[in-house]
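# Residue-level structural notes
These are the residues of each chain, in order.
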Amino acid sequence: MKLLVIGSGGREHALAWRLARSPAVQKIFVAPGNAGTAAERLLENLPLTDPDELADFAERERLHLTVVGPEAPLAAGIVNLFRSRGLRIFGPTSEAAQLESSKDFAKRFMVRHNIPTARYATFSDRSAAHAHVDRHGAPIVVKADGLAAGKGVVVAMSLGEAHAAVDRMLPESGRPAMATAARVVIEEFLEGEEASFICMVDGRNVLPLASSQDHKRIGDGDQGPNTGGMGAYSPAPVVTPEVHARVMREIIVPTVRGMAADGIPYTGFLYAGLMIARDGSVKTVEFNCRLGDPEAQPIMMRLKSDLPNLLDHAVSGRLDLVEASWDRRVALGVVLAAANYPETPRTGDPISGLPRGAEDFHIFHAGTSERDGQMVTSGGRVLCVTTLSDNIRQAQKRAYDLILGIHFEGMQYRRDIGHRAAGR
């Protein structure tokens, strides 16, 4: 079979890499892909991003299935387009993808269906937002309502930070907003430990994937501004069997049922960002309508099941007939980011020292491209060094040993990925 993966990041590299390990796969096209996907066996980059051109290609090549990686094409309705042409595709429609593309939609949905989440208010008026911040104080969370590439969230520990975030997300008249909608959602600050809970959904049935934990902040010790993610590991010890059952019962199943009841059944990867309190209670921080990045990299490293088979069951509405099996080992991924990330990442820096993948590690590419035969940086998050080991400390050591041999000018990375699990 021939498959198509849409996207160019580390998540898409990990998806395509795992799909290519199925004996049923003949070729995987990655659109547009990156320098890492270009070098993989059975993978071929496809220099297309236009939805109509992608649908034409899928039809012409008689592709078995398309998987959508990033959020922007989902929000723009690529699943709607493919389905209207009778093409098999895994992902939510643009209507269902509002769970991610609009924070306000997601919060209203959660309140309507009694899904636990932080108290909130939505504002399009700048002065009203500032007044709300002054009334409630800090710490407080300010979120851009639309898509903001994983960087539209500010956890403000002071009033000054909160007001600055409001000013940036709700600019003065005539100035561009940072997100697709000039609104902000302001939430209460939640105490606890964050984790990522990702599932496959077929509109009715749910197949949970392995638990994981992301590291959003740029600096060690969870300091500095939020990013799209600086590293992740799987499994996440904070997601105990009891917490897992609670998340399924209180968040995931009500979400899938609620979307169906609202007339917008959900299919695709569903990502619930969790805040887990000390007493084991759980609240939903956010929804994403895709695999997380960088969570996808360690999750795909640990997946032992045939991924095309799981996707076939999902697209056919038969996820209740299949289970996923996982490598018992720990997978950990460390993101290597470009100079000046996350603000204005520098691109074009040559990359050297990349090792070839092995059974217990793989280097997943995100912001890379080829220029005159040389691999160079082309985005903020450049690589994700992902390892498999018997425990978290061994996975950390393996990853950081590999990183010592990799170089590009201005390379930055966290040196404490997995610190919460290692400290347990």
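Residues numbered from 1 in each chain as written. Predicted model: local features only at pLDDT ≥ 70, side-chain atom pairs only at ≥ 80, totals over all residues. Heavy atoms only, no water.

We now examine the overall build of the protein chain. Scanning the protein chain for helices and strands turns up 14 helices and 22 strands. Taken along its principal axes, the extent of the C-alpha atoms in the protein chain is 60 × 50 × 50 Å. By the burial criterion, 58% of the 424 residues in the protein chain qualify as buried. Considering only residue pairs separated by 6 or more positions, the protein chain has 68% of its internal contacts joining residues 24 or more positions apart. With the model as given, the accessible surface of the protein chain reaches about 17,100 Å², and the carbon-plus-sulfur share is 48%. Of note, the protein chain has its 48 positive side-chain charges centred 3 Å away from the centre of its 50 negative side-chain charges. (Helix = DSSP H or I, 4+ residues; strand = E, 2+ residues; numbered from the N terminus. Buried < 20%, exposed > 50% of the residue type's maximum accessible area, 1.4 Å probe, protein only. Contact = heavy atoms within 4.5 Å. Areas by Shrake-Rupley, 256 points an atom, 1.4 Å probe, with all protein chains shown as cover. Lys, Arg positive; Asp, Glu negative; His and termini not counted. Charge placed at Lys NZ, Arg CZ, Asp CG, Glu CD.)

Moving on, we come to the side chain of R11. Assignment of secondary structure puts R11 in helix α1 (residues 10-19). Aside from chain neighbours lying at most four places away, what touches R11 is G69, P70, E71, R290, L291, G292, D293, A296 and Q297.

Here we come to the packing of helix α8 (residues 126-136) against helix α9 (residues 159-169). Packing of α8 against α9 leaves a shortest axis separation of 10 Å and a crossing angle of 165 degrees. Relative to α9, the element α8 lies roughly antiparallel. Two packed elements cross with a definite hand, and for α8 against α9 that hand is right-handed. Every residue of α9 that contacts α8 at R126, A129, H130, V133 and D134 is listed here: L159, A162, H163, V166 and D167. For the contact of α8 with α9, the residue count by class is 5 nonpolar, 2 polar and 3 charged. (Axes fitted to C-alpha atoms, helices over the stretch in contact; angles between N-to-C directions. Parallel < 35°, antiparallel > 145°, perpendicular 65-115°, else oblique. Left-handed = near helix turned anticlockwise from the far one by under 90°. Nonpolar A, V, L, I, M, F, W, Y, C, P; charged D, E, K, R; others polar.)

Viewed as axis vectors pointing N to C, α1 and helix α12 (residues 307-315) meet at an angle of 105 degrees, and their least axial separation amounts to 8 Å. Here α1 is positioned roughly perpendicular relative to α12, judged by the angle of their axes. Contacts between α1 and α12 involve L15, R18 and L19 from the first element and L307, P308 and L311 from the second.

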